[in-house]
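# Per-entry structural report
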Amino acid sequence: MSSTKLFGTDGIRARAGEFPLNSNAVVAIGRAVGEKLGGKVLVGQDTRMSSPWIFGLLQQGIALTPASVTNAGVIPTPAIALLTKSSGYSGGIMISASHNPYEDNGIKVFAADGTKLNDSDEARIEKRIAELLGSNGARESIDAVPPQKISAANSTGWLERYQEILLSHFPPKDWLGGHRIAVDCANGAMSEIAPRLLRRLGADVIVTHASPDGVNINAGCGAVHVDALRSAMSSESADFGVAYDGDGDRSMFMASNGRLIDGDGILLLMARRLKKNGQLKPPIVIGTLMTNFSLERMLGNEGISLTRVSVGDRFIFEEMRRSGSQLGGEPSGHIIFADFRLSGDGLLTTLKVAEAIASGHASFEDLTKDWVESPQLLKNVRVKRKVALEALPAIQAKMNEIQHELQGCGRLVVRYSGTEPLLRVMIESDDAARNERLMETLLATIREQLL
């Protein structure tokens, strides 16, 4: 077990009932996290059938430590980050697998300042989990998850506190009056709070997929299935639409004409707004390896530089904190603002977009009309083992040749998947035909050398 890394880029995640989310392992995780955090720990969950079951097991583990649990109920991940920090908790835990289907679940751990744990803290927790489990067959045991009724309406008090923190950063009046917003809540943690808060600000809200039943989270809806939002908007007239993922840290936006605007398009809109208001200091936006080259070029044309980090909002906020950047995000819809600089928050991003529309007296289409993504080609190559690319000179030579050709007009990213036996190859430039040609030559070399 000691060789298995439990924490990925966004906590521990697996199929509920299977290792490391079977009963023995979850109790051990609770105990190890409780020993690390101490004090009072705020715990929230999304709307998966397995979330209450995992909560109970975590509680058992934490009860074996000096730490104590406060149950925040069904609540978005960014709310746990914010409330852990603002309410003086020693740490927070979110039970969620974000955009994954309901069969999966996960455990995200936050430090007292509302940020995700660093690598060394995660490593210490993993070591302790291994000690607690020993070699008692915990990896093999599979538990049936008991069905439980889920409601996003059982978090009274905590959702209100989260709402008040968000509202404190915006004008104290019905400034969304006259605006119509379509909201797809993914049958997840935003189902209760997002429609309520937007209506409180005066918006006319068209709500879809806000009836969680434990198994319908992210099911054909939300940020990873945006056709559901497009369908809702085609039958209703709205200024813009937004779709959240299951735990509410991501948001994808849609113009009234059905055009999808992902996280990169929102970063462009927000960077321009911050710069216009004199707030983009330093003039740096933080993106990831997957940020579209077009954003880098368009920001550069406006005197704004893009810094790329590894995929994961944790790496984005670490770089924001280091550089002093006011803005960062991912194409997948995690957007982080310096207001809180903690984690992606789909509802905060919605309010920022709505504020840009309301204060600029411009439509969402107008604000995003010049955003054009560079054509991007992504291929996955299944490998038997992950040989370091530096040890393969022929592949290195071909990559260098392609990078030279793409200089100034595109880029190449080649990396192994962190969770699957795959080599991911991404080429983007201003010419789709060029992408195809370069991809074929690189894949031929990879197959020759690696397979």
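In short, a report on the structure. Keep in mind it's a predicted model, so treat the numbers as computed, not measured.

### Some remarks on helix α7 (residues 227-234)
Among the residues of α7, those classed as buried are Ala228, Leu229, Ala232 and Met233. All buried residues of α7 fall inside an arc of 135° around its axis, so they share one side. Facing away from the buried side of α7, by more than 90 degrees, are the exposed residues Asp227 and Ser234. In this structure, the buried residues of α7 make contact with β7 (180-184), β8 (204-208), β9 (240-244) and β10 (251-255).

### Comments concerning the environment of Gly329
If you trace the backbone, Gly329 turns up in strand β14 (residues 327-329). Along the sequence, Gly329 and Glu448 sit 119 residues apart, while their C-alpha atoms lie 36 Å from each other. Those residues within four positions of Gly329 in sequence are excluded, and the remaining contacts are Leu267, Ile286, Gly287, Thr288, Thr291, Ile316, His334 and Ile335.

### Concerning empty space enclosed by the protein
Vacant regions in the atomic arrangement are exposed by a probe of water-molecule size rolled over the atoms. The tally for this structure, following the rule as stated, stands at two cavities of 30 Å³ or more. Space inside the largest cavity adds up to approximately 80 Å³. Forming the walls of the largest cavity are Pro78, Ala81, Leu82, Ile335, Ile336, Phe337, Phe340, Arg341, Leu342, Ser343, Asp345 and Leu348. When contributions to the lining of the largest cavity are tallied by element, the ones reaching two or more residues are α3 (77-86) and β15 (335-337). In the lining of the largest cavity, the residues fall into nine nonpolar, one polar and two charged. There is about 50 Å³ of room inside the second largest cavity. Contributing to the lining of the second largest cavity are Phe7, Gly8, Thr9, Asp10, Gly11, Lys108, Val109, Lys116, Leu117, Glu122 and Arg314. Secondary structure elements with two or more residues in the lining of the second largest cavity: β1 (7-8) and β6 (104-111). By residue class, the composition of the lining of the second largest cavity is three nonpolar, three polar and five charged.

What counts and how
Residues numbered from 1 in each chain as written. Predicted model: local features only at pLDDT ≥ 70, side-chain atom pairs only at ≥ 80, totals over all residues. Heavy atoms only, no water. Buried < 20%, exposed > 50% of the residue type's maximum accessible area, 1.4 Å probe, protein only. Helix = DSSP H or I, 4+ residues; strand = E, 2+ residues; numbered from the N terminus. Arc of directions from axis to C-beta. Contact = heavy atoms within 4.5 Å. 1 Å grid on protein atoms, 1.4 Å probe; cavity = no way out; pocket = protein on both sides within 12 Å on 5 of 7 lines; lining within 4 Å. Points joined across faces, edges and corners; volume = space filled by probe spheres on them. Nonpolar A, V, L, I, M, F, W, Y, C, P; charged D, E, K, R; others polar.

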